[in-house]
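Descriptive structure summary
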Amino acid sequence: MAILVCGGAGYIGSHVVHQLVEKNENVVIVDNLQTGHKAAINPAAKFYLGDIRNNAILDQIFTENKIEAVMHFAANSLVGESMTNPLKYFNNNVYGMQVLLESMVKHDVKKIVFSSTAAVYGEPKHVPIVEDDETNPTNPYGETKLAMEKMMKWVSAANGINYVSLRYFNVAGALEDGSIGEDHAPETHLIPLILQVPLKKREFITVFGEDYATPDGTCIRDYIHVIDLADAHIKALNYLRAGNASNIFNLGSGTGFSIKEMITAAKAATGEEIKVVLGERRAGDPAQLIASSEKAQHLLGWKPNYVSVEEIIKTAWGWHKHHRNGFAE
């Protein structure tokens, strides 16, 4: 039996594939390489170049391989782009999920682990955020992920497909050996943007607003290492294998770090000076986003191993220092 990883050439997907292979799982990848990288594909996995909106490629994969479960990472995920091009997000994310679930029903595949997001909550009413808090996305990206979750819920009721949806916050870091890591174009994530300063790829990092209701005035976020995230996906798969019902889990460290704290940690991790420029607040940036992961710890037996942001940044630095231009090198 094999695990089908949709989007297995992307940042999170490639790290999950690595962990699956480490655990001697048989892995099949499908990726259209729109944002994924050929160099990130694990050589131990079987790879199909294709788009999950194409039911012919899914039919081929499910016919040629005995697929036990699906892990679904294939989606567009830029919040800003989703605001200016919402139809792209509904087509790729929501329609993509529809075609995938149709194929799973057709081929009688009953388990799916889904890469969701904290963006489904929108502006949190309180911190830390728990799974039964109100979902009210403030951007099309979060809206599409919520629609995908609801699609799984109704297909589960109608067709018996069990799912785990993992809502995570700020993912960071890289494999410790530096062989794979984060490579986005354009880059929008905080840690790689900070590291571009010591890499001499930008002169400074901009801090957008320092008048938030937080101890140092800058936004606070919850960071989770990509390998901790990968391990949570494997625990979710085993949770479904054990016959448990469909469920939703938050994944985060449970501790928030401000933008200024992240820059200080990056200075310590790299041993380099990092110039900071203050900018205006950005619309839609909540002051704090922190997850409660108690449910995942209790029901999945999951706990993050990387709890120091300096340690997380060090692994990212190890990747970026030796891959200044990402996978292009």
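See the structure shown above.
Nothing here was measured: the structure is a model prediction, and the numbers come from that model.

**Brief notes about the nonpolar core**
- Residues I12, L20, M71, L166, I191, L251 and M262 are the most contacted members of the largest nonpolar core, which totals 69 residues.
- A per-element tally of this core places helix 7 (residues 226-241) first, with ten residues.
- In this view, L251 contacts L166, R167, Y168, F169, I224, L229, A232, A291, S293, A296 and W302; residues no more than four positions away in its chain are not counted.
- If you look at the next biggest cluster of nonpolar residues, it comprises 29 residues, including M97, M104, F114 and M148.

**Things to note about the pattern of salt bridges**
- If you walk through the whole model with that rule in mind, you get twelve salt bridges.
- For D51, the salt bridge identified is with R53, shortest N-O distance 2.8 Å.
- By relative accessible area, R53 is classed as partly exposed at 23%.
- One salt bridge connects R241 with E68, and the closest N-O pair in it is separated by 2.9 Å. With R241 in helix 7 and E68 in strand 4 (residues 67-72), this residue pair connects regions lying 173 residues apart in the sequence.
- A relative accessible area of 30% means that R241 is categorised as partly exposed.
- Taken together, the shared-partner salt bridges connect E25, E68 and R241 into one network.

**Comments concerning empty space enclosed by the protein**
- Inspection of the entire model under this criterion finds one cavity of 30 Å³ or more.
- Estimates place the volume of the largest cavity at around 50 Å³.
- Forming the walls of the largest cavity are A9, G10, Y11, S14, T35, H37, A40, G181, E182, D183, H184 and F327.

**Description of helix 2 (residues 55-64)**
- For helix 2, the complete set of buried residues consists of I57, L58, I61 and F62. Buried residues of helix 2, seen end-on, are gathered within an arc of 130 degrees and therefore sit on one face of the element.
- Check the buried side of helix 2 and you find it contacts strand 1 (2-6), strand 2 (26-31), strand 3 (46-49), strand 4 and helix 4 (86-106).
- Sitting at the head of helix 2, N54 places a side-chain oxygen 2.9 Å from the backbone nitrogen of A56.

**Thoughts on the layout of surface pockets**
- In this structure, the second largest pocket encloses a volume near 160 Å³.
- Looking at the second largest pocket, the residues that line it are M1, F62, N65, K66, I67, E68, H107, D108, V109, K110 and K111.
- Its residues assigned to classes, the lining of the second largest pocket comprises four nonpolar, two polar and five charged.

**Structural notes on the packing of helix 8 (residues 259-270) against helix 10 (residues 309-322)**
- Remark: helix 8 packs on helix 10, axes separated minimally by 9 Å, with the N-to-C direction vectors making an angle of 55 degrees. On the basis of their axis angle, the class for helix 8 and helix 10 is oblique. As helix 8 runs across helix 10, the sense of the crossing is right-handed. Between helix 8, through M262, A265, A266, A268, A269 and T270, and helix 10, the contact on the second element is made entirely by V309, E310, I313, K314 and W317.

**Thoughts on the environment of E280**
- As for its position among the elements, E280 is in the loop between strand 12 (276-279) and strand 13 (288-289).
- Spatially, the C-alpha atom of E280 lies 39 Å from that of V17, the residues being 263 residues apart in sequence.
- Apart from the residues lying within four places of it in its own chain, the contact partners of E280 are F208 and G209.

**Here's the deal with helix 7**
- Helix length check: helix 7 (16 residues) gives 23 Å between terminal C-alpha atoms against 22 Å at 1.5 Å per residue, within 8%.
- Just downstream of helix 7, G243 is the residue with a positive phi angle, here 90 degrees.

**Some remarks on the environment of G178**
- Relative to the helices and strands, G178 resides in the loop between strand 7 (170-172) and helix 6 (190-195).
- Note: C-alpha distance between G178 and T315 (137 residues apart in sequence) is 7.3 Å.
- In contact with G178, not counting residues within four places along its chain, are W319 and H323.

**Examining the sheet that holds strand 6 (residues 162-168)**
- Pairing within the open sheet is parallel, and its seven strands lie in the order 3-2-1-4-5-6-10. At either margin of the open sheet sits one strand with a lone partner, and together these are strand 3 and strand 10 (247-251). Neighbouring strand axes in the sheet, compared pairwise and without regard to direction, differ in orientation by 20 degrees on average.
- Two strands pair when backbone bridges link them, and strand 1 and strand 2 are joined in this way by five bridges, in the parallel orientation. Looking at the pairing, V5 lines up with I29 of strand 2.
- On top of the sheet, helix 7 reaches strand 1, strand 4, strand 5 (111-117), strand 6 and strand 10; it is set at about 160 degrees to strand 6, its chief contact.

**Some thoughts on unusual backbone geometry**
- The omega torsion of the bond from V127 to P128 falls at 0 degrees, within 30 degrees of zero and hence cis.
- Along the chain, P128 falls in the loop between strand 5 and helix 5 (140-159).
- The linkage connecting A185 with the following residue, P186, adopts the cis geometry, with an omega of 0 degrees.
- Mapped onto the fold, P186 is located in the loop between strand 7 and helix 6.
- Phi at N24 takes a positive value of approximately 65 degrees, unusual for a residue other than glycine.
- Looking at where N24 falls in the secondary structure, it is placed in the loop between helix 1 (11-22) and strand 2.
- In this model, K200 sits at a positive phi of 65 degrees, which is unusual for a non-glycine residue.
- Of note, K200 is situated in the loop between helix 6 and strand 8 (205-208).

Basis of the calculations
Residues numbered from 1 in each chain as written. Predicted model: local features only at pLDDT ≥ 70, side-chain atom pairs only at ≥ 80, totals over all residues. Heavy atoms only, no water. Core = buried A, V, L, I, M, F, W, Y, C linked by side-chain atoms within 4.5 Å. Buried < 20%, exposed > 50% of the residue type's maximum accessible area, 1.4 Å probe, protein only. Helix = DSSP H or I, 4+ residues; strand = E, 2+ residues; numbered from the N terminus. Contact = heavy atoms within 4.5 Å. Salt bridge = Lys/Arg side-chain N within 4 Å of Asp/Glu carboxyl O. 1 Å grid on protein atoms, 1.4 Å probe; cavity = no way out; pocket = protein on both sides within 12 Å on 5 of 7 lines; lining within 4 Å. Points joined across faces, edges and corners; volume = space filled by probe spheres on them. Arc of directions from axis to C-beta. Polar contact = N/O pair within 3.5 Å; in protein donor to acceptor, adjacent residues only side chain to side chain. Nonpolar A, V, L, I, M, F, W, Y, C, P; charged D, E, K, R; others polar. Axes fitted to C-alpha atoms, helices over the stretch in contact; angles between N-to-C directions. Parallel < 35°, antiparallel > 145°, perpendicular 65-115°, else oblique. Left-handed = near helix turned anticlockwise from the far one by under 90°. Expected span 1.5 Å × (residues − 1). Pairing = 2+ DSSP bridges.

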